[in-house]
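Spelled out, the chains give:
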Amino acid sequence: MAEHVIQIENLVKRYKELVALDHLNLTVEEGEVFGLLGPNGSGKTTVISCILALLQFDKGSVRVFGKEMQPDSYDIKRQIGVVLQNVAVFEELTVQENIDYFCGLYIKDKRERKQCVEEAVHFSGLEDFRKFYPKKLSGGLLRRLNIACGIAHKPKLIILDEPTVAVDPQSRNRILEGIQKLNQEGATIIYTSHYMEEVEQICTRIAILDKGRCVATGTKEELKAMIKTGEKIHLEIWELKPEHLEELRRLRHVYQVDYREGMLEIRCSGGKHNLVHILDYLARQEISFGRVYSELPTLNDVFLEITGKELRDSAD
Amino acid sequence: MFFRLYVYSMKQTVRQKLIMFWSLIFPIILGTLFRVAFGEFLEEEVIFHQIPVAYVAEEGASPAFAETLKSLEDDGGLLEIIETDGKKAESLLKEEKVEGIFYNRDSGTEEGEVTLTVTRQEMSQSILSSILEQYQRVFHTMGNISRENPAGIEAAAKVIGQQRQYLMEGSITDTPKSVMTDYFYALLAMDCLMGVSMGLQIAVKFKANLSNLAVRRVVSGTSRFGMLMPDLAARITIQFLCTLCSVCYLTYVMKISLGNKFALLLLTTLVGSIVGIFMGFFIGAIGTYKESLKEGVCVCCMMFSSFLSGLMVGGMYRFLETHAPLVNRINPASLIVKSLYSLNIYEGYERYTQSMASLLTIAVLLGAGAFAMIRRERYASI
């Protein structure tokens, strides 16, 4: 049987009364881009801290590359690259020096290190900024430097904790392409983000955490199949009476109808020709409408349906 | 690996303008201000004066101490002896016409019972105290030798001769000429302890609950010890070089006499710098408090330690020596001042070695404590 890159079993982590991780089980296979999704306070960063042996936990085990992870497991740590949520570089060192410093914590051979640094500079598109100090870099460049410092030593496992926060679309796109490239080159990737479209774009398997528990795991398609929404239909209607809404709710496969500010949103649980049935009803009732469009459920729908729509404002 | 990380650590520190200001520029500014403030005193008091001291001898008291004092008075020597009775001596002391009173009582021994009374704790009183201490030590040694090894008595007498010679010549020629010099010793002590900021930075970059940079470092493939050693070595080097700049500035630009044992003075500042760095490292390693709070604690510790060593109030060291001597034994700045003072006041290196040993002990305790707190650390929360 192939070894899991990461195997988390029955992990429990408490902050006094708060249960941050509640008997969490998770596995990451080699070659995956594994997405870790969850609202604020769901335990994403806590899981990552436990994987990296930074946090004490109350119960369970964390195995990385088949071995129990400890603070002094340097043989395992040498195979891991970490890109943190917050930029973690030396303000007093230049771009090139920062990458060389962190790469040097893993690679002792000077020639090999030099080559790795060059590749990381090129990978992150920082060729023109080698001599710049971090405070002179824009937000996007700083994020790219943060990533370059984490991946320069070509790790087998890369953990990226929300690496694209506060990054412009161009830089974000470049970062996502880079992550896919790293994966193609053989790295296993764990990726956490709040941006559903990013996760949908790059992750091959996804786990959704909520209140410290893994509430769903699977591929995008598997997750979408788990939820009730099969199709969302939007119609622009200027006036709609309550009885019409009630009748629309009674149509086959329709399970939710919302009408707000001239926009009607109808959620259907599955079936075919839902749009035709709705348009047919509107025609019969002589209700005029403007724009009409239909969409399949997104990962965002999956996320909201599984974790709920209430605001989460506790710290993660 | 070590050298590469050492160089990077040097670069990081040197490029931190605020830290370099406090470690390099501030002591030079303060030294200049001291020089301007004490300028006239320093220039006037460079001429050494004999120390006036009253001598009260009971009938039948041992003549040995009187002979010692006389030899120190002859030929315009160290002391100016005023032989008088108890009442008159007290009156002279009260009027500050003498710096102290030596009482010599009949104890039935050859050594006699000699005591010293002073009302202040300054340079002159310290020299008088040193004379008495040396006299008692010599007699004690002689007594032991005559009991246990009478054949060695001649060699011992030779030693007494040498020590008496020191009191007459060594003290006068090698002693810093002004109590004001103490301020500059305290300034150097403070300069050494400025290393607390650099020490704190080491801890901050090692504790994952204090900085993101620390998280990235502790999850890397290099051991904590492997990253810590270059960091410590680099910071100690920089702090020592900053202190060296201060010493050179005071000696060659400000023309302050810090004594003629330059190598030992530098050794003292090196050990002082190590203590300063380790103090900051230790404070940084304690608990999960915010970096800003730890910075405040570091500054308070450094300034309070300097205050107790006499940086702000002259004579503080001697005041504590009289009323709370333990403080001077454990306060790093006081120990640095004492080391520098001992180098230039006392014959031999006993006191100097003691102070240096105390400083090194403090450094080892702080370093070991800090390392014990950060090694294999797993956090309850980040």
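Predicted, not measured: the structure shown is a model, and the values here were computed from it.

## Some words on the overall build of chain B
(1) Moving on: Broken down by element type, chain B carries 16 helices and 4 strands.
(2) Moving on: Across the 382 residues of chain B, 41% fall into the buried class.
(3) Moving on: Relative to all contacts within chain B whose residues are 6 or more apart in sequence, the contacts with residues 24 or more apart total 76%.

## Overview of unusual backbone geometry
(1) Moving on: Even without a glycine there, the phi angle at A:E286 is positive, about 55°.
(2) Moving on: Relative to the helices and strands, A:E286 resides in the loop between α10 (274-284) and β14 (292-295).
(3) Moving on: On the basis of neighbour counts, which here come to 6 C-beta atoms within 10 Å, the residue A:E286 falls in the exposed class.
(4) Moving on: Despite not being glycine, B:K255 shows a phi value in the positive range, around 60°.
(5) Moving on: With respect to the helices, strands and loops of the structure, B:K255 is situated in the loop between α10 (224-253) and α11 (262-285).

## Brief notes about the sheet that holds strand β4 (residues 113-117) of chain B
Within a beta sheet, neighbouring strands are joined by backbone hydrogen bonds and run either parallel or antiparallel to one another.
Residues and elements named next belong to chain B.
(1) Moving on: The 4 strands are arranged β2-β1-β3-β4 in an open sheet whose pairing can be described as mixed. The strands lining the two open edges of the sheet, one partner per strand, are β2 (79-83) and β4. Averaged over all adjacent pairs, the angle separating strand axes in this sheet is 25°, with direction ignored.
(2) Moving on: Here 5 bridges tie strand β3 (residues 101-105) to β4, and the two strands are oriented antiparallel to one another. Among the inter-strand pairings, I101 is bridged to a residue of β4, identified as T117.
(3) Moving on: Where helix α3 (residues 63-73) meets the sheet, it contacts β1 (51-57), β2, β3 and β4, and its direction lies at approximately 135° from that of β2.
(4) Moving on: Packed onto the sheet, helix α5 (residues 123-148) meets β1 and β4 and runs at close to 170° relative to β4.

## A few points about the interface of chain B and chain A
(1) Moving on: If you look at the interface, chain B gives 24 residues, while chain A gives 27 residues.
(2) Moving on: Of the residues belonging to the side of chain B that touches chain A, the class tally is 9 nonpolar, 8 polar and 7 charged.

## Thoughts on the domain arrangement of chain B
Residues and elements named next belong to chain B.
(1) Moving on: As far as domains go, chain B holds domain 1 (9-42 + 178-375) and domain 2 (50-161).
(2) Moving on: For domain 1 and domain 2, the distance between their C-alpha centres works out to 38 Å.
(3) Moving on: In this assembly, 8 residues from domain 1 lie in contact with 5 residues from domain 2.
(4) Moving on: Counting residues per element, the side of domain 1 that touches domain 2 draws most heavily on helix α13 (residues 316-323), which supplies 4 residues.

## Describing the pairing of strand β10 (residues 213-218) of chain A
All names here are of chain A.
(1) Moving on: Across 5 bridges, strand β9 (residues 205-210) lies against β10 in antiparallel orientation. When the bridges of β10 are listed, D210 appears paired with R213.
(2) Moving on: Linking β9 back to β10 in an antiparallel pair, the connection comprises 2 residues, with K211 at a positive phi of about 50°.

## Describing the confidence of the model for chain B
All names here are of chain B.
(1) Moving on: Averaged over chain B, the pLDDT score is 83; the fraction of residues at 70 or greater is 86%.
(2) Moving on: Between residues 165-177, whose pLDDT stays under 50, and residues either more than four places distant or in other chains, the model counts 25 contacts.
(3) Moving on: Across the interface, the model reports ipTM at 0.82; the global pTM reads 0.75.

## Thoughts on the sheet that holds β14(A)
Residue and element names in this part refer to chain A.
(1) Moving on: Ordered by their spatial adjacency, 4 strands build an open sheet running β12-β13-β11-β14, and the pairing between neighbours is antiparallel. Bordering the open sheet on either side are β12 (254-260) and β14, each of which pairs with just one other strand. The sheet shows a mean angle of 15° between the axes of neighbouring strands, direction not considered.
(2) Moving on: Relative to strand β13 (residues 263-268), strand β11 (residues 231-236) runs antiparallel, the two being bridged by 6 bridges. In the sheet register, L235 faces β13, and the bridge partner there is L264.

## So, the packing of helix α15 (residues 332-345) of chain B against helix α16 (residues 350-374) of chain B
Residue and element names in this part refer to chain B.
(1) Moving on: In the contact formed by α15 and α16, the axes pass within 8 Å of each other and the chain directions differ by 155°. By the angle between their directions, the pair α15 and α16 is classed as roughly antiparallel. Considering only the axes of α15 and α16, their crossing is left-handed. Side by side, α15 and α16 meet where P332, L335, I336, K338, S339, S342 and L343 of the first sit next to R351, Y352, S355, M356, S358, L359 and I362 of the second.
(2) Moving on: Among the residues making up the contact of α15 with α16, the classes are represented as 8 nonpolar, 4 polar and 2 charged.

## Considerations on the environment of A:F102
(1) Moving on: As for its position among the elements, A:F102 is in helix α3 (residues 95-104).
(2) Moving on: A tally of 27 C-beta atoms within 10 Å means that A:F102 is categorised as buried.
(3) Moving on: Spatially, the C-alpha atom of A:F102 lies 9.5 Å from that of A:V117, the residues being 15 residues apart in sequence.
(4) Moving on: Not counting chain neighbours up to four residues away, the residues in contact with A:F102 comprise A:C149, A:A152 and B:R216.

Procedures and definitions
Residues numbered from 1 in each chain as written. Chains lettered and ligands numbered in written order. Predicted model: local features only at pLDDT ≥ 70, side-chain atom pairs only at ≥ 80, totals over all residues. Helix = DSSP H or I, 4+ residues; strand = E, 2+ residues; numbered from the N terminus. Buried ≥ 20, exposed ≤ 12 C-beta atoms within 10 Å, placed from the backbone. Contact = placed C-beta atoms within 7 Å. Pairing = 2+ DSSP bridges. Axes fitted to C-alpha atoms, helices over the stretch in contact; angles between N-to-C directions. Nonpolar A, V, L, I, M, F, W, Y, C, P; charged D, E, K, R; others polar. Domains from an automatic or database assignment. pLDDT = per-residue confidence, 0-100. Parallel < 35°, antiparallel > 145°, perpendicular 65-115°, else oblique. Left-handed = near helix turned anticlockwise from the far one by under 90°.

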